[in-house]
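Residue-level structural notes
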Amino acid sequence: MPHDVLCLRPEVDFTRVGVTPPAQLAISYRKPDDSQLAALVRESRALVIPAVGGKLPGSLFENSPVKLVQVTGAGVDRLDEAAMKKLGIAVANVPGGSNSAVAEYAVGSAIVLLRRLAWSDMEIRDANYVSFRGRMVADNLPGLEGLTVGVVGLGTVGFAVAEAFRRFGCEIVYHDPAPREEAAARIGAKSLPFDELLKAADIVSLHVPLLPQTRSLIGARQLALMKPGAVLIQASRGGVVNEVALAAHINSGRLGGAAVDVYSVEPPDTDNPLFTLEGEAAHRVLLTPHVAGVTRQASATLYRETWANIERVLSKGEAPLNRVY
């Protein structure tokens, strides 16, 4: 049966955060691996998809009435840009909806790593309370105040992260090829060349899209430039960090730690080098399953704006907001 919207998220994703999809539109909720996906697309005027998931080939949309593909997040790398442009199908996202969630993740992860909170939990469970407490005190572990945070990519998410660290008394430096002077001035952030940022920062937080020029942006050479004991926060896109190089630098003991929320392959393979770290190296890595931007509040914002844009296009005949291409 023809429908207005094909949604590749379950309806409960929306209702459990208090968002009600528009009743006037016929919506079909299906799994991304539905065997009838191609036929369903050919009966849809719009498609709603999560930002995370497998690639959707351009051929899926050929000879379809789809006017809009709405992503319920910021990333649009699941789609074939050239094909969508050729077909004249608008692709829109929801930029900035997860800003606060990602900022919380970056700050929280930095604190956990710098102060060895997760590591100490494991040591205490292994009956090493006295010895590990003594080590933590002797190692003179830092808090955030007065540290230098290097934000790579000062867009909407990067700015929120920088602002959050600034509230903890951190000095902010950033690198971004786009002009960000006005935003930077609001938080007293200083622009630095990329290599200089890596050398200066106690915490490096990545907030860039995955593009040809950002793939393996952080590799062996860049990691070697970072301060001994520095912490890396990888909550941007998988592939921005070379995981083999990161594992090697963590294993050497030179880096203070890394929080990794995104991976070059998702779900990551069991032989991912970050999973094979042992001993103290394993304690210096915080691994999370691509949830830096996922909180109840962030999801509610993303979903409300998603359905508002769908209504705008399908019910009101207006151009979509936040069209990416």
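Notes on the structure in this doc start here. (Residues numbered from 1 in each chain as written. Predicted model: local features only at pLDDT ≥ 70, side-chain atom pairs only at ≥ 80, totals over all residues. Heavy atoms only, no water.)

Turning our attention to the pattern of salt bridges. Tallied over the full model, the rule gives 15 salt bridges. Across the pair Asp 13 and Arg 9 runs a salt bridge, and its minimum N-O distance is 3.0 Å. Among the residues examined, Arg 9 registers a relative accessible area of 17% and is labelled buried. A salt bridge links Arg 135 to Glu 280, with the nearest nitrogen and oxygen atoms 2.6 Å apart. (Salt bridge = Lys/Arg side-chain N within 4 Å of Asp/Glu carboxyl O. Buried < 20%, exposed > 50% of the residue type's maximum accessible area, 1.4 Å probe, protein only.)

Here the residue pair Glu 266 and Pro 267 is connected by a cis peptide bond, since its omega of -5° sits within 30 degrees of zero. With respect to the helices, strands and loops of the structure, Pro 267 is situated in the loop between strand 11 (257–260) and helix 12 (279–283). A positive phi is found at Asn 140, a non-glycine position, where the angle reads about 55°. Along the polypeptide, Asn 140 turns up in the loop between helix 6 (129–138) and strand 6 (148–152). (Helix = DSSP H or I, 4+ residues; strand = E, 2+ residues; numbered from the N terminus.)

Another aspect to go through is the environment of Gln 36. Checked against the element boundaries, Gln 36 lands in the loop between strand 2 (27–29) and helix 2 (37–41). Each C-alpha atom, one on Gln 36 and one on Thr 156, is 37 Å from the other, the two residues being 120 residues apart in sequence.

Bringing the side chain of Thr 214 into the picture now. Following the sequence through the fold, Thr 214 ends up in the loop between strand 9 (203–206) and helix 10 (220–225). The class for Thr 214 is buried, based on a relative accessible area of 9%. A polar side-chain atom of Thr 214 sits 2.7 Å from the main-chain amide nitrogen of Leu 211. In contact with Thr 214, other than residues within four places in its own chain, are Val 208, Pro 209, Gly 239 and Val 240. (Polar contact = N/O pair within 3.5 Å; in protein donor to acceptor, adjacent residues only side chain to side chain. Contact = heavy atoms within 4.5 Å.)

Our focus in this paragraph is the pairing of strand 9. Burial along strand 9 is two-sided: Ile 203 and Ser 205 facing one way and Val 204 and Leu 206 facing the other are all buried. Pairing analysis gives four bridges linking strand 6 to strand 9, with the strands arranged parallel. Along strand 9, the bridge assignment pairs Gly 150 with Val 204. In this sheet, strand 10 (residues 231–234) lies alongside strand 9 in parallel orientation, the contact comprising four bridges. Counterpart to Leu 206 in the pairing with strand 10 is Gln 234. (Pairing = 2+ DSSP bridges.)

In this section: the packing of helix 5 (residues 117–125) against helix 6. Contact geometry for helix 5 and helix 6: axes closest at 8 Å, N-to-C directions at 155°. Here helix 5 is positioned roughly antiparallel relative to helix 6, judged by the angle of their axes. In contact with Trp 119, Ser 120, Glu 123 and Ile 124 of helix 5, helix 6 contributes Tyr 129, Phe 132, Arg 135 and Met 136. (Axes fitted to C-alpha atoms, helices over the stretch in contact; angles between N-to-C directions. Parallel < 35°, antiparallel > 145°, perpendicular 65-115°, else oblique.)

As a further point, take the packing of aromatic side chains. The final tally for this structure, using the stated rule, is five aromatic pairs. For the pair Phe 14 and Tyr 29, a centre-to-centre distance of 6.5 Å together with 50° between the ring planes defines the contact as tilted. Pair noted here: Phe 14 is in helix 1 (residues 11–15) and Tyr 29 is in strand 2, with a separation of 15 residues, a long-range link. We classify Tyr 29 as partly exposed; its relative accessible area is 23%. Their ring planes at 45° and their centres at 5.4 Å tell us that Trp 119 and Phe 132 sit as a pair that is tilted. On the criterion of sequence distance, the pair formed by Trp 119 in helix 5 and Phe 132 in helix 6 is long-range, its members being 13 residues apart. By the burial criterion, Trp 119 is buried, and Phe 132 matches it. Grouping aromatic residues by their ring pairs yields a cluster made of Phe 14, Tyr 29, Tyr 303 and Trp 307. (Phe/Tyr/Trp six-rings, centres within 6.5 Å; stacked < 30°, edge-to-face > 60°.)

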